[in-house]
Amino acid sequence: MAFSIPDLLSIITFLPLIGAIFVGLVGGDNLKKQLTLIITLVTFLLSLMLLVNWDNSNGGMQFLENHPWFPQLGINYIMGVDGISLFLVLLTTLLMPITVYFSNLYVNEQVGLYMVLMLLLETAMIGVFLALDLVLFFAFFEFSLIPMYLLIGRWGGVKRVYAALKFFLYTFAGSALMLVAILAIFYATGTLNVMELQKAHITGALQTWGFLAFALAFAIKVPIFPFHTWLPDAHVQAPTAGSIILAGILLKMGTYGYLRFAIPIFPEAAARFGPWIAGLAVIGILYGALVALVQKDVKSLVAYSSVAHLGYVMLGVVAMNMQGVSGAVLQMVNHGISTGALFLMVGLLYERRHTRLLEDFGGLWKSIPIFCGFFLVVVMSSAGLPGLNGFIGEFTILLGAYLKSPIFAVIAALGVILAAWYLLTAFRKIAQGPLTNPDNESSHLHDLRPNEVAMLLPLVALFFLIGLFPNLFLDKINPSVQQLVEKPAVVLHLPEPQTVKAEQ
Amino acid sequence: MPQIAALQINLAVLLPAFAMVVFAMFVMLVDILTPGTNRGSQNALPWVALAGVVVSALFCWWLWPQQVQSFQGMATSDHFALGLDLIVLTATALGILLSTNYIPQITNQVGEYYALLLLAASGMMMMGTATDLIVVFLSLEIFSLALYILSGLQRTNPRSTEASLKYFLLGAFASGFFAYGAALLYGAAGSTQYSVIASTLSSGAGNPTLLYPGMALLLAGFAFKISLVPFHMWTPDVYQGAPTPVTAFMSVGTKAAGFAAFIRVLLEAVPSQQGTWGMALAILAVLTMTLGNLAALRQTSLKRMLAYSSIAHAGYILVGLVPGTAEGADAALFYLFTYAFMNIGAFAIVVALEKAQADDALQNRAAGIADHWPMLAFAMAIFMFSLSGIPPFAGFFGKFFVFKAAVDGGWAWLAVIGMLNSAIGLYYYLRVTVAMYFEAPGDESAERRQSSVLRVGVVIAAIFTIIIGIYPALWTGLFSAGLGG
């Protein structure tokens, strides 16, 4: 390989944190903005080193780091990345410079604190995806709440305080029991190392209760219906950068948590409760889509579409076969870039018109064609048009779900139609039709500037790259997924006939 | 004669506490020898007191490698006792940093203040050293009497005098309970010394009709000092009425001293009865956590909210004691260590926000301070997040170890209730950050100024809150006494 950097994962994780200290110390808002952008860009470039030195044939952890953190107790600082977390890390490091650049253009109040929080958030998010010790993971998982809470509460919309508190309290309450489960696992097995725990066999009541505690924490984070009520508030009230990060990355912590912790550590309980989660996921797909259909505010439409899209991811996750899980991992990335791009476009529109109500728009195609062109591509990507990224993920997930239990796949497929419906409706109301509102005339509205196009281009390029060459990504994802689904396969196949029976 | 031969008096045991007493005298001398209310001499007093803390800490450091027993086993200086000393000294030092600017504004008797502070600390330190109920009683009275006076220091403020009187009356009752309990335990086991009580009880020779009432009364006495529900009634009033630096100091010091003595009694005197007191403590822990948190939700005064929060924290710490293991005792002590920084830090911000006269509705005073003093608000946010137990701050690992002890001891359900409680608690800690960061600043914000000494205190507390949380392994070594194990 070209050349490798020692402790690369730690560098990627903590570079933003160290950068945050400098950003806090330097003076001048412009300097803070530039410095933050540079730090996130450097972090992104460094994270590309993961791809350069990636070993496609290895399904296990790569770039492992293991240092004693709490030697007396055997709590270690373990960081590692595999095919499941690789693209989530890259997604994080890619979305950060984009959101920071967007904020540089439009955030002008308390810039220092804002940028520091963004960088702290980046450290927390990358840490969540790389930590392989349960306590270390938990620390990153919980810490990520603080910067996001402050971002929503300080720079958010009208109901920002309510939304911020709800976001924090919901997630914290959900993960409270997870900590007890972690302690119980630690007591039962004597280790907190995830790789060892995946081999350990946890028996008895802990298998059930431990899984439920983990599942609840992650279900709120995803969010799975009916734990989703914090999401519309937080997404709609958050500032644009916050919405992009929330939808693009923070929600993935939940689905990732299922794949990395809840299911591998508690395979039997996961198999037992799998159909229930699949049922909730399918309800979420339909519910999210139907609610999105009637939204007047385009931002809450995108928020509810997240509930639906994450339903697909969860359906793939609990299918626990190659197709389902690989599709789920890919769809996490797809949702990150598609919904991230959607929120970005909504944000760009909002900064121009200071409204997000669908009825205020119409006919924008005539006044700002470049914007609408990009908007169409983003909408299509989110709706799952073949040739773009969303299609690959949804198709593989549905395939996996069908192999596992056809009934869920059939109902979930309805969601694809609904998604096309609400997304195209939104597009029609914004871009097409007669241009009636004088505020939407091209004399009032500025079309996308070159720098704004530059923000969108990497995302749009990825739509096509994933859509046309999915194997570039799946080749890296599959080996790890194979390891994941093969190990518990023996256990998982046993209860299958019962669960199918129970559903019919 | 064998009794004489066994007589052992090693004053080294008392050295850390003794240093505090000597420096208390020294403070009073300095105060008296400088004529009038000379501002210069008053300014020297906190540094004399701080020197006492340093000297005492040096004695602790010297004693650390030794295991000294003295007075026929009535006092022991082991790692547990020295761990408590460390917590009390931390609380005293931070308390002094909070006081330099504040105390001269509310009273002329600055000398008495620092002398009493050191005396109270000496009593608290003895609580961990005591291995005999009589010595515990003496230490309890030493620090309680000093605190009764300290909380009434602001004589012009009716709240302060009320706090003092209330604390004194209820405290006297609690001491009575304690003395009665000690007497009954003496009747049951024939001694007030822990090791003798333990061996008598484990051989089954104890008199149960005296033993159980005795244990219950001792429990009530301790429960008062560490403000466990339902013996917590005094806490909000006293915490709110007492001068804020005193509140900061006693919220940690009293709790640490009370818990330390309590732990010693549980693990060294009556470990054989764990089957009885385990469940009683579990119920008290549930009540204390839940009531403390629920009551804190409703408070409008920041000081009162912190008072109820301290009750809730007593509940969390108690969770660690329930299984009666050495691990739990160490966890409780470590928790108190983290609590010293985050709680006194929080009170330091209260001092900064408070004007000497009014003390009410501090939540209003906190509104928008992030705009005027970003660093102050940042520190307060750290303390609030740490108190609610969010990693990577110290409070998280405090909770982590306490709940780990409970889970390891087979009390997982107690840990579940504890974690649910910290989710409730999060709400009122977040309310402070909401006020600081999300609300518009009030009119008066701009005119307030803080002393630089106070700022040093805040910075120290904040730094420790972070580094203990990031690297707890560095500190837990100080709190691994392995008591009763």
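Residues numbered from 1 in each chain as written. Chains lettered and ligands numbered in written order. Predicted model: local features only at pLDDT ≥ 70, side-chain atom pairs only at ≥ 80, totals over all residues.

1. Some details on the overall build of chain B
For chain B, the count of helices and strands is 21 helices and two strands. Principal-axis analysis of the C-alpha atoms gives chain B an extent of 70 × 55 × 40 Å. Taken over 485 residues, chain B has a buried fraction of 62%. Across chain B, contacts joining residues at least 24 apart in sequence account for 81% of those joining residues at least 6 apart. (Helix = DSSP H or I, 4+ residues; strand = E, 2+ residues; numbered from the N terminus. Buried ≥ 20, exposed ≤ 12 C-beta atoms within 10 Å, placed from the backbone. Contact = placed C-beta atoms within 7 Å.)

2. Focus on the overall build of chain A
When you go through chain A residue by residue, the secondary structure sums to 22 helices and two strands. Against the globule reference of 23 Å for 504 residues, chain A gives a C-alpha radius of gyration of 22 Å, in line with a compact fold. With the principal axes as the frame, chain A shows a C-alpha extent of 70 × 60 × 45 Å. (Rg over C-alpha atoms; globule rule 2.2 N^0.38 Å.)

3. Focus on the pairing of strand 1 (residues 62–70) of chain A
One ladder, built from six bridges, connects strand 1 of chain A with strand 2 (residues 75–81) of chain A; its direction is antiparallel. Within the sheet, the bridge partner assigned to Glu65 of chain A lies in strand 2 of chain A and is Met79 of chain A. (Pairing = 2+ DSSP bridges.)

4. Here's the deal with the interface of chain A and chain B
In this complex, chain A contributes 27 residues to the contact, which on the side of chain B involves 25 residues. It is helix 7 (residues 160–189) of chain A that contributes the most residues to the side of chain A that touches chain B, 14 residues altogether. Along the lines of polarity and charge, the residues of the side of chain A that touches chain B split into 22 nonpolar, two polar and three charged. (Nonpolar A, V, L, I, M, F, W, Y, C, P; charged D, E, K, R; others polar.)

5. Description of the nonpolar core
Core analysis: the largest hydrophobic core is formed by 403 residues, its most contacted members being Val180 and Leu315 of chain A. At 21 residues, helix 14 (residues 326–353) of chain B tops the list of elements feeding residues into this core. Both of domain 1 (1–265) and domain 2 (280–490) of chain A provide at least three residues apiece to this core. Apart from residues no more than four positions distant in its own chain, Val180 of chain A is found in contact with Ala213 of chain A together with Phe403, Val407, Ala412, Ala415, Val416 and Met419 of chain B. (Core = buried A, V, L, I, M, F, W, Y, C linked by C-beta atoms within 7 Å. Domains from an automatic or database assignment.)

6. Quick notes on the packing of helix 13 (residues 302–321) of chain B against helix 19 (residues 412–438) of chain B
Residues and elements named next belong to chain B. The geometry of helix 13 relative to helix 19 is characterised by a closest axis approach of 11 Å and an angle of 165° between their N-to-C directions. Accordingly, the angle class assigned to the pair helix 13 and helix 19 is roughly antiparallel. Helix-helix and strand crossings are classified by hand; for helix 13 and helix 19 the assignment is left-handed. Facing Leu302, Met305, Ser309, Ala312, Tyr316 and Val319 of helix 13, the residues of helix 19 in contact are Leu414, Ala415, Gly418, Asn421, Gly425, Tyr428 and Val432. Among the residues forming the contact of helix 13 with helix 19, the class breakdown is nine nonpolar, four polar and no charged. (Axes fitted to C-alpha atoms, helices over the stretch in contact; angles between N-to-C directions. Parallel < 35°, antiparallel > 145°, perpendicular 65-115°, else oblique. Left-handed = near helix turned anticlockwise from the far one by under 90°.)

7. Quick look at helix 14 of chain B
All names here are of chain B. For helix 14, spanning 28 residues, the distance from its first C-alpha to its last is 40 Å, which sits close to the expected 40 Å at 1.5 Å a residue. Tyr339 marks where helix 14 bends most, by close to 30°. In terms of burial, helix 14 is largely enclosed, as 27 of its 28 residues are buried. (Expected span 1.5 Å × (residues − 1). Bend = angle between axes of the 7 residues up to and from the residue.)

8. Regarding the domain arrangement of chain A
All names here are of chain A. Examined at the domain level, chain A breaks down into domain 1 (1–265) and domain 2 (280–490). One C-alpha centre belongs to domain 1, the other to domain 2; they are set 22 Å apart. Each partner contributes residues to the interface: domain 1 has 42 residues there, and domain 2 has 44 residues. Listing elements by their share of the side of domain 1 that touches domain 2, those giving two or more residues are helix 3 (83–106), helix 10 (230–237) and helix 11 (240–265).

9. Here we look at the environment of Ser199 of chain B
Tracing the backbone through its elements, the reader meets Ser199 of chain B in helix 8 (residues 194–202). In this structure the C-alpha to C-alpha distance between Ser199 of chain B and Ala269 of chain B, which are 70 residues apart in sequence, comes to 8.3 Å.

10. A closer look at the environment of Phe266 of chain A
All names here are of chain A. You can see Phe266 is positioned in the loop between helix 11 and helix 12 (267–293). Using a count of 27 C-beta atoms within 10 Å as the deciding quantity, one classes Phe266 as buried. Sequence spacing of Phe266 and His201 is 65 residues, and the spatial spacing of their C-alpha atoms is 8.2 Å.

11. Concerning the confidence of the model for chain B
Averaged over every residue, the pLDDT of chain B is 88; residues scoring 70 or more account for 93%. Among the scores for the predicted complex, ipTM is 0.91 and pTM is 0.92. (pLDDT = per-residue confidence, 0-100.)

12. A look at helix 5 (residues 134–143) of chain A
Residues and elements named next belong to chain A. Counting buried residues along helix 5, 10 of its 10 residues qualify, which places the element largely inside the surrounding structure. For helix 5, the complete set of buried residues consists of Leu134, Val135, Leu136, Phe137, Phe138, Ala139, Phe140, Phe141, Glu142 and Phe143. Check the buried side of helix 5 and you find it contacts strand 2, helix 4 (111–130), helix 6 (145–155), helix 7, helix 8 (194–197) and helix 11.

13. Overview of the packing of helix 17 (residues 389–404) of chain A against helix 19 (residues 450–468) of chain A
Residues and elements named next belong to chain A. Where helix 17 contacts helix 19, the axes come no closer than 6 Å and their chain directions differ by 45°. What the angle tells us is that helix 17 and helix 19 run oblique. The segment helix 17 lies against helix 19, with Asn389, Phe391 and Ile392 engaging Leu462, Phe463, Ile466 and Gly467. Residues belonging to the contact of helix 17 with helix 19 are distributed by class as follows: five nonpolar, two polar and no charged.

14. Looking at unusual backbone geometry
Across the junction of Val229 of chain B and Pro230 of chain B, the peptide omega takes the value 10°, indicating a cis bond. Counting through the fold element by element, Pro230 of chain B comes out in the loop between helix 9 (208–225) and helix 10 (234–241). In this model, Gln110 of chain A sits at a positive phi of 50°, which is unusual for a non-glycine residue. If you trace the backbone, Gln110 of chain A turns up in the loop between helix 3 and helix 4.

15. With respect to the environment of Trp47 of chain B
Take Trp47 of chain B: it is sitting in helix 3 (residues 39–63). Classification of Trp47 of chain B by C-beta neighbours within 10 Å gives partly exposed; the count is 14.

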